[in-house]
Structures are given as C-alpha cells and as structure tokens.
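# Observations on the model geometry
Listed below are the residues making up each chain.
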Amino acid sequence: LSAEDIELFLSHLEYVETRPEPRVLVITGNGPKTFCAGVSLVELAGDGAIAEFFQELTDKLANMTIPTLCAMNGSAFGGGVEISLCCDFRIGVKGMTVQIPAARFGLCYPINGIQRYIQRLGVNTAKRLLMAAETLDADTLLSVGYLTHLVERDELTETAEQMAENLSKLAPLAVTGMKQICDQMVEGTLCVEDAQTIV
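Residues numbered from 1 in each chain as written. Predicted model: local features only at pLDDT ≥ 70, side-chain atom pairs only at ≥ 80, totals over all residues. Heavy atoms only, no water.

Moving on, we get to a negative patch on the surface. Where like charges cluster on the molecular surface, the negative patch consists of Asp-154, Glu-155, Glu-158 and Glu-161. For Asp-154, the location among the structural elements is in the loop between strand E8 (149–151) and helix H8 (156–168). (Patch = residues over 30% accessible without salt bridge, like charges linked within 9 Å, V, L, I, M, F, W, Y side chains within 5 Å. Areas by Shrake-Rupley, 256 points an atom, 1.4 Å probe, with all protein chains shown as cover. Salt bridge = Lys/Arg side-chain N within 4 Å of Asp/Glu carboxyl O. Lys, Arg positive; Asp, Glu negative; His and termini not counted. Charge placed at Lys NZ, Arg CZ, Asp CG, Glu CD. Helix = DSSP H or I, 4+ residues; strand = E, 2+ residues; numbered from the N terminus.)

As summarised here, the arrangement of the 4 strands in space is E2-E4-E6-E7, forming an open sheet in which the pairing is mixed. Two strands bound the open sheet, and with one partner strand each, they are strand E2 (34–36) and strand E7 (136–137). Inspection of the sheet shows E2 paired to strand E4 (residues 75–77) by 2 bridges, in the parallel sense. Note on E4: the bridge partner recorded for Cys-36 is Ala-76. (Pairing = 2+ DSSP bridges.)

With 4 of 5 residues buried, strand E5 (residues 89–93) is to be regarded as a mostly interior element. Inspection of the sheet shows strand E3 (residues 68–71) paired to E5 by 3 bridges, in the parallel sense. Note on E5: the bridge partner recorded for Cys-70 is Arg-90. Across 3 bridges, E5 lies against E8 in parallel orientation. For Val-93, the partnering residue across the bridge sits in E8 and is Val-151. (Buried < 20%, exposed > 50% of the residue type's maximum accessible area, 1.4 Å probe, protein only.)

Turning to the nonpolar core, a few remarks are in order. Leu-61, Met-72, Val-98, Tyr-117 and Tyr-146 are the most contacted members of the largest nonpolar core, which has 52 residues in total. The residues touching Val-98, leaving out its near neighbours within four places in the chain, are Met-72, Ala-76, Val-81, Leu-129, Glu-134, Thr-135, Leu-136, Leu-141 and Tyr-146. (Core = buried A, V, L, I, M, F, W, Y, C linked by side-chain atoms within 4.5 Å. Contact = heavy atoms within 4.5 Å.)

Owing to a relative accessible area of 70%, Asp-154 belongs among the exposed residues under this scheme. Counting along the chain gives 147 residues from Asp-154 to Glu-7, while the straight-line C-alpha distance between them is 31 Å.

What follows deals with the pattern of salt bridges. With the rule as written, the count across this model stands at 7 salt bridges. Across the pair Arg-116 and Glu-82 runs a salt bridge whose closest N-O atoms are separated by 2.6 Å. Residue Arg-116 is found in helix H5 (residues 111–121), and its partner Glu-82 is found in helix H4 (residues 79–85); the two are separated by 34 residues along the sequence. Two residues, Glu-152 and Lys-94, come together in a salt bridge whose shortest N-O distance is 3.4 Å. Within this pair, whereas Glu-152 is found in the loop between E8 and H8, its partner Lys-94 is found in the loop between E5 and strand E6 (97–99), the two being separated by 58 residues in sequence. According to the relative accessible area criterion, Glu-152 is partly exposed, its value standing at 36%. Through salt bridges with shared partners, one network takes in Asp-59, Glu-82 and Arg-116.

Scanning the model with the defined rule gives 1 aromatic pair in all. Between Tyr-109 and Tyr-117, the ring centres sit 5.8 Å apart and the planes meet at 80°, which makes this aromatic pair edge-to-face. Given the relative accessible area of 10%, Tyr-109 is considered buried. Lying over the aromatic face of Tyr-146, Arg-90 brings its terminal NZ or CZ to 5.5 Å of the ring centre. (Phe/Tyr/Trp six-rings, centres within 6.5 Å; stacked < 30°, edge-to-face > 60°. Lys NZ or Arg CZ within 6 Å of the ring centre and 35° of its normal.)

Tracing the backbone through its elements, the reader meets Asn-73 in the loop between E3 and E4. The contact partners of Asn-73, leaving out residues within four places of it in the chain, are Thr-28, Gly-29, Asn-30, Gly-31, Pro-32, Lys-33, Thr-34, Phe-35, Val-93, Arg-153 and Leu-156.

In this model, helix H1 (residues 3–18) (16 residues) spans 23 Å end to end at C-alpha, consistent with the 22 Å of a helix rising 1.5 Å per residue. Elements that come into contact with the buried residues of H1 comprise strand E1 (25–28), helix H3 (49–62) and H4. (Expected span 1.5 Å × (residues − 1).)

Dropping the structure here:
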C-alpha cells in the first residue's frame, strides 16, 4: 500500500461511515494468492509519514460502527495482517499464511499496532508474530483466533456473501451496540453506566 492507496482506502471508509444504508462492510483483496502485502517499504524508508497515515487507517477501520468482515483471499504480510485484524470477522482460505517481517528489517512495529495484537490475540501470539516474525499457517491462525472462519479458496466469496447477508438481517442497533460493548471491554474502556445507554 502506498500513501495514495491508503488515502483512497480511508475515503471509502469515510463514505461508508456517513451513509445510512450500509449494514455490513466486506473487505477483500484483488489477487489469486495475496490479500495484502502491507505498507510500501520504499515509502516507509522515506520520511516515515506513511506510518502515521497507516495508523489512521487501521484506527478508522477498527472503529467502524457497522460490522466489518474481511474475506482474506490469500496470504497477508506486515500491515496487511493488521488490516484484517481490525475487522470483526476474518474468513481465511486454506493454504494461506501470515507474517510480519518488521523485526527482520530492524523495525519496531508501531505501539498502537502492538496493543491491537495483544488485545485481540493475546500476548503469546503477538510475540510470535511480532518479536519472532513467525510465519503462521491457516490452521494455526484459526486455532489462535486470528481467523474466525477457514474455508476452501473456491468457497470464500459465497461464504463471505452469506455471512454479510446474515449480519445485515439482524437488528442493526443491537448488533452495533454489542460490537461497541465488546470492543470497549477488550480495550478496558467500558463504562458500565454508559453501556446501559447503548443497550
């Protein structure tokens, strides 16, 4: 992802967030083997501005009001792994892997990203991905909770469409309210009194 790609991605998220019609957001890649290869290393080696831009993107995606579903059409690397992690549900395909090579390049992953990995996957899996730069296969990703669903590659589109349709038929206020409560509980920011007004 270049800065231009991230800007386009953000503009789509902002458009969806301001429209009343969308009930579910589905994100997927456009290739036969890779979901997302992460942030452009060329731009990352520049003034570093793309790192802050990417953080804006992941924070925006993680805080979307409506349910988000990532249909991972292949492997993910670097920031692409976090983009998927920002979604509420992640469907993977058999044969895929993920890897975050920051440590191989002598880079420390951004703090807010590390926090997201720990909150959503636990410290042990976060260390495997970030500190050890391990490559995790699809079965492992399912067992550690990174993937919520795992399907054959030719089943991905149908599965994603079915999940999105099912989510869209549920009561939207109940769904978004529970999403907000779940996320705030994980982040440790939930105020019980405020939560009473959500439900």
